[in-house]
Amino acid sequence: MPTLAQNLAIGLAVFAYILYRQLHTRPVKGRSMLPWILLALGAVQIAGTTGRHGSGNHVGAFNTDLLVIAAAMLIGAGFACARAYTLHIWIDKGIAYRKGNVWTALLWMLSIAVHFSLDAFVHTPGLAGTSLEAYFGLMLFIQREIAIRRAAKLQSAI
C-alpha cells in the first residue's frame, strides 16, 4: 500500500491534471472513464486499509473514521454540484462544449481543502489520504452528470 506521502503526491498530480482539464474547452460527454478509474483506485486503497485495521481493538475508531470520510464525500458532492453550475456550456455545430472558470478552480481548491481538513480527524493509520482518489472520482462523476443534463437542456432548446 502506498504511504501517506505517496498518496498525497499522486493526489496532487491527479488534481493538477483535473484542474487543467476543467479550465480548457472540452466536449460535454459521458464516456470518460477517469471518474470510474479514480473511484476504483480509491475503493481498492480504502479496502486495503480496511483489511489491516477494520477488526480488533480499532473497530470503533475505524468506523468513526469511515464516517468522517463519508461526511467528506457528502460535502464534496455539494461542491461538485456548485462547480457544475460554474461551467460555461454552449452548443457549437450540434456539439455541446464546456469550460470552467476561476470560480470552478476556486471551488475545486476549497473542496480539496475541506477534504484535507476532515482527513485530520481520521486516526486509523494509512486511512487518511487513501480516500483522495475516490473523492476525485465521485466529484468528477457528479459534476459531469450535471453538465450533461445542462447540455441536454441547451440542445433541446435549439
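Look above for the structure.
Scope of this entry: the structure provided in the associated data block.

Each value, and the rule that gives it
Residues numbered from 1 in each chain as written. Predicted model: local features only at pLDDT ≥ 70, side-chain atom pairs only at ≥ 80, totals over all residues. Heavy atoms only, no water. Helix = DSSP H or I, 4+ residues; strand = E, 2+ residues; numbered from the N terminus. Contact = heavy atoms within 4.5 Å. Areas by Shrake-Rupley, 256 points an atom, 1.4 Å probe, with all protein chains shown as cover. Core = buried A, V, L, I, M, F, W, Y, C linked by side-chain atoms within 4.5 Å. Buried < 20%, exposed > 50% of the residue type's maximum accessible area, 1.4 Å probe, protein only. Salt bridge = Lys/Arg side-chain N within 4 Å of Asp/Glu carboxyl O. Phe/Tyr/Trp six-rings, centres within 6.5 Å; stacked < 30°, edge-to-face > 60°. Lys NZ or Arg CZ within 6 Å of the ring centre and 35° of its normal. Lys, Arg positive; Asp, Glu negative; His and termini not counted.

**What to know about the overall build of the protein chain**
Thinking step 1. Across its full length, the protein chain carries five helices and three strands.
Thinking step 2. Listed by position from the N terminus, the elements making up the protein chain come as α-β-α-α-β-β-α-α.
Thinking step 3. Across the protein chain, the fraction of contacts at a sequence separation of at least 24, relative to all contacts at a separation of at least 6, is 83%.
Thinking step 4. Of the roughly 8,400 Å² that the protein chain leaves accessible, carbon and sulfur atoms contribute 70%.

**Points about the nonpolar core**
Thinking step 1. In this structure, Phe15, Ile18, Leu38, Trp108, Tyr135 and Phe136 are the most contacted members of the largest nonpolar core, which totals 27 residues.
Thinking step 2. For this core, the secondary structure elements donating two or more residues are helix H1 (4-22), helix H2 (34-53), helix H3 (59-84), helix H4 (102-119) and helix H5 (132-157).
Thinking step 3. No other element matches H5, which puts eight residues into this core.
Thinking step 4. Contacts of Trp108, omitting those with residues within four sequence positions, involve Phe15, Ile18, Leu19, Gln22, Arg83, Phe136, Met139, Leu140 and Gln143.
Thinking step 5. Residues Val28, Ile89, Ala96 and Ala151 belong to the second largest nonpolar core, which totals six residues.

**As for the pattern of salt bridges**
Thinking step 1. Counted by the stated rule, this structure contains two salt bridges.
Thinking step 2. In the salt-bridge network here, residues are joined through shared partners; they are Arg144, Glu145 and Arg149.

**Some thoughts on the packing of aromatic side chains**
Thinking step 1. Counted under the stated rule, the structure contains six aromatic pairs.
Thinking step 2. One aromatic cluster is present, built from ring pairs that chain together Phe15, Trp108, Tyr135 and Phe136.
Thinking step 3. Of note, Arg83 hangs over the ring of Trp108, and the distance from its end group to the ring centre comes to 3.6 Å.

**What about the side chain of Arg83?**
Thinking step 1. Along the chain, Arg83 falls in helix H3.
Thinking step 2. Despite its burial, Arg83 pairs with no opposite charge, the nearest such side chain being Glu145 at 13 Å.

**Some details on the environment of Thr124**
Thinking step 1. Turning to its location among the elements, Thr124 is positioned in the loop between H4 and H5.
Thinking step 2. Each C-alpha atom, one on Thr124 and one on Asn63, is 9.5 Å from the other, the two residues being 61 residues apart in sequence.

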